[in-house]
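Analysis of the macromolecular model
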Amino acid sequence: MTESQVIKVSEAAAKSTLTDAQKAAEMRAIAKEDPEGFWSGIAQRLDWSKPFSQVKDVSFDADNLRINWFQDGELNACVNCLDRHLPERADDIAIIWEGDEPDDDKKITYAEALEETCRMANVLKARGVKKGDRVVIYMPMIPEAAYAMLACARIGAVHSVVFGGFSPDALASRIEDCGATAVITADEGVRGGKTVPLKTNVDKALGKTNGVRLVLTVERTGANVSMQAGRDLFWFGEARNDVSPECPAEPMNAEDTLFILYTSGSTGKPKGVLHTTGGYLTYVAYTHEMVFDYKPGEIYWCTADVGWVTGHSYIVYGPLANGATTLMFEGVPTYPDASRFWKVIDKHKVNIFYTAPTAIRALMRERDEHVTATTRASLRLLGTVGEPINPEAWLWYYNVVGDARCPIVDTWWQTETGGVLISPLPGATDLKPGSATLPLPGVFPAIVDANGKTLEGACEGNLILTGSWPGQMRTVYGDHQRFIDTYFKTYPGSYFTGDGARRDEDGYYWITGRVDDVINVSGHRMGTAEVESALVSHPKVAEAAVVGYPHDIKGQGIYAYVTLMEGEEADAGLEKELSDHVRSEIGPIAKPDLLHFTPALPKTRSGKIMRRILRKIAENEFSSLGDTSTLADPGVVDTLIEGRKNR
Ligand code: WT7
């Protein structure tokens, strides 16, 4: 497959009602000529309790950074996602919940979702949670996770969802960093036939941090969990029925914080990405409709977890703001077997399906009969997110899953961007397998070289954004300087994405991956420094260096080079011990795929680890190591190459 292969799905049966090539071009032109008018028009899709008079106030100058959208407007995100749909949609389905077991499902109407959300909001309020307080949500994929987020939004509390796969230590550091006073969790999660001890993990985390006065526990399995009197409450058994099903919504300023979501950066400490109310909600509602060509009555399914930004923007806020039916799946793609996704699509007549390349690659390895035994007749549109998709996986998704009739939207974005920035628009953009194609109307990317010079035409370099969009993050919680330094210093006047990209002769963007010390493992973002600091916190480890390497299914795997303390023995037992240690420090997603014990790391004479060499060796590219003469001990390299060949 050459990249110049173009798939003209704009003429396919799945033709969009929303956009065509001409309309998309017009929108891009308007957004460029009159950005204020453009975004002001887009923002009208929300209900504002107080209209805004100023669209934006933005400066990307690092010395005078300002990012404000719809600044003096007021609205409530929960009202926009629930209440305002009730006049027409009270009995429409807001959430289809598909449990881990195939016979376990539930449909929740907009009226029911509102009632449950109000009850949860009232429980929080009754226990003193108020506007501006931080609430950590550590939940499995059950509807109560969405209610919890919306309940916070309703009373103006700031939620911070922590992925249920994170360890008690990782949970504790996030609770600590944002100063949460309440945690909403479940007794246990259920995934792929196994349980996850969420409440027990919360108890362990709270042993390491102060300040949490309320732990609200939703009974998912009914497991016996320990409850601390005065602090812990059961949702169904205690709290839910004691409160009113109605709760007034707090009017929020557009720039009031909606949520904080931790993500990995290039240092050991995850950063609390902060999003605000008006711009974020405007942006996710707009992009959910445009990118997925969403039409009322359709069934939309995003397979992400609410613990990641994809779940925030495209399971909860975007779809619900648009009055859509959003499917929420508790399980995994391979349980009970590898046909699960396709069976769920048939069962619930899913029209729009959005998943990650890593899931596609894993399912592609299974027999095609898992797919072809299902009809997928309802499918109209497919999407991917989280990492570059290789053309081979793209074509399998297109031909086998989509029967060559559903466009694929390869959506490029980040936790920081709040919503999709680069993606095909169904019906308007011809597709090229592996390319995220073109920026959405109102988004202005550019490619720069290492010196910051803007490159024109077909080129390759680093990806920046030259102007703001409403869904952009506003700060790193508690560390505004880190926000400025990370995103606005490298290329003055622009937002630096941390990604590399190529632009072809048609102006299509091809994201090539991270150019910083962040790796992308199964679509999960991981700071190599985080894994390193987990490793060196083990008493037997002297030093560690972590890099990514190409992995067939995960996209990138975690390759850890470890030197041990004097006298320690490198063996399989210790390898498992270190792997388990990382698991307990961060979580299963951070476990090294390859652990390489080495007597030494390649360092310059000034003691700096030469990661470039470690990356090449992990990638099995021994011939292109570059200049090794500046190493303090060039002999280290041969030892490392030998060690690599043995695994
Ligand atoms: C990083 C952001 C976007 C929500 C999920 C991940 C990579 C994301 C694509 C894509 C190539 C992609 C980038 C980005 N990425 N989407 N369609 N093609 N790369 O959010 O955890 O904040 O990670 O994921 O490297 O910077 P995240």
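Residues numbered from 1 in each chain as written. Predicted model: local features only at pLDDT ≥ 70, side-chain atom pairs only at ≥ 80, totals over all residues. Heavy atoms only, no water.

**Things to note about the pattern of salt bridges**
Following the criterion strictly, the structure yields 40 salt bridges and no others. Residues R340 and E98 are paired through a salt bridge, measuring 2.6 Å at the closest nitrogen-oxygen approach. Note that R340 is positioned in helix α12 (residues 340–348) and E98 in strand β4 (residues 93–98), a separation of 242 residues in sequence. Assigned by exposure class, R340 and E98 land together as buried. With a shortest N-O distance of 2.6 Å, E330 and R220 are connected by a salt bridge. With E330 in the loop between β17 (325–329) and α12 and R220 in the loop between β11 (214–218) and β12 (232–234), the pair connects residues that are 110 residues apart, well separated along the chain. Taking the relative accessible area as the measure of exposure, E330 reaches 1% and is therefore buried. What makes R220 partly exposed here is its relative accessible area of 22%. Ionic contacts of the salt-bridge type, sharing partners, join the residues E98, D105, R340 and K347 into one network. (Salt bridge = Lys/Arg side-chain N within 4 Å of Asp/Glu carboxyl O. Helix = DSSP H or I, 4+ residues; strand = E, 2+ residues; numbered from the N terminus. Buried < 20%, exposed > 50% of the residue type's maximum accessible area, 1.4 Å probe, protein only.)

**With respect to the UniProt feature "binding site: Mg(2+)" (unreviewed entry) in the chain**
With numbering aligned to this structure, UniProt lists the feature "binding site: Mg(2+)" (unreviewed entry) at V536, H538 and V541. Excluding its chain neighbours within four sequence positions, the residues that come into contact with V536 are V541, A542, E543 and A544. Structurally, V541 is set in strand β29 (residues 541–551). Judged by its relative accessible area of 1%, V541 falls in the buried class. Residues in contact with V541, not counting those within four places in the same chain, are L535, V536, V562, T563, L564, M565 and L578. (UniProt positions renumbered as here; feature names shortened; annotations may be inferred. Contact = heavy atoms within 4.5 Å.)

**Section: the environment of D552**
Within the fold, D552 resides in the loop between β29 and β30 (555–564). Considered as a pair, D552 and R361 are 191 residues apart in the sequence and their alpha carbons are 7.7 Å apart. Once residues within four sequence positions are removed from consideration, D552 is found in contact with R361 and R365.

**Side note on the sheet that holds strand β21 (residues 445–448)**
As summarised here, the arrangement of the five strands in space is β22-β21-β23-β25-β26, forming an open sheet in which the pairing is antiparallel. Edge positions in the sheet fall to β22 (454–455) and β26 (509–514), since each has one partner strand and no second. Relative to strand β25 (residues 495–503), strand β23 (residues 459–465) is paired through six bridges, and the arrangement is antiparallel. Counterpart to C459 in the pairing with β25 is R503. (Pairing = 2+ DSSP bridges.)

**Some thoughts on the nonpolar core**
A general feature of soluble globular proteins is that nonpolar side chains tend to end up buried together. Of all hydrophobic cores here, the largest spans 167 residues; its most connected members are W39 and Y317. The element contributing the most residues to this core is helix α6 (residues 143–155), with ten residues. Among the nonpolar cores identified, the runner-up in size contains 30 residues, and W301, V344, V350 and W394 belong to it. (Core = buried A, V, L, I, M, F, W, Y, C linked by side-chain atoms within 4.5 Å.)

**Some remarks on helix α13 (residues 357–364)**
In terms of residue burial, α13 counts as a mostly covered element, since six of its eight residues are buried. Among all positions of α13, only P357, T358, A359, I360, R361 and L363 are buried. Of the surrounding secondary structure, the elements contacted by the buried residues of α13 are α12, β18 (352–355), β19 (381–385), α15 (391–401) and β30.

**Focus on the UniProt feature "domain: AMP-binding enzyme C-terminal" (unreviewed entry) in the chain**
Summarizing the sequence annotation, UniProt attributes the feature "domain: AMP-binding enzyme C-terminal" (unreviewed entry) to residues 530–608 in the numbering used throughout. Helix makes up 27% of residues 530–608 and strand 32%, with an end-to-end C-alpha separation of 18 Å.

**Description of the site of the ligand**
Taken together, 17 residues surround the ligand, and among them D410, T411, T415, D499 and R525 come closest. Here a nitrogen atom of the ligand sits 3.1 Å away from a polar atom, N or O, in the main chain of G386. Side-chain polar atom of D499 to an oxygen atom of the ligand: 2.6 Å apart, as the coordinates give it. For the ligand, whose unbound accessible area comes to 550 Å², protein coverage reaches 95%. (Near = heavy atom within 4 Å. Polar contact = N/O pair within 3.5 Å; in protein donor to acceptor, adjacent residues only side chain to side chain. Areas by Shrake-Rupley, 256 points an atom, 1.4 Å probe, with all protein chains shown as cover.)

**Section: the packing of helix α7 (residues 168–178) against helix α8 (residues 198–206)**
Running from N to C, α7 and α8 point in directions that differ by 55°, and their axes come no closer than 8 Å. Between α7 and α8, the interaxial angle falls into the category oblique. For the pair α7 and α8, the sense of crossing is right-handed. Note on element contacts: α8 touches α7 through N201, V202, K204, A205 and L206, opposite P168, L171, A172 and I175. Looking at the contact of α7 with α8, its residues break down into seven nonpolar, one polar and one charged. (Axes fitted to C-alpha atoms, helices over the stretch in contact; angles between N-to-C directions. Parallel < 35°, antiparallel > 145°, perpendicular 65-115°, else oblique. Left-handed = near helix turned anticlockwise from the far one by under 90°. Nonpolar A, V, L, I, M, F, W, Y, C, P; charged D, E, K, R; others polar.)

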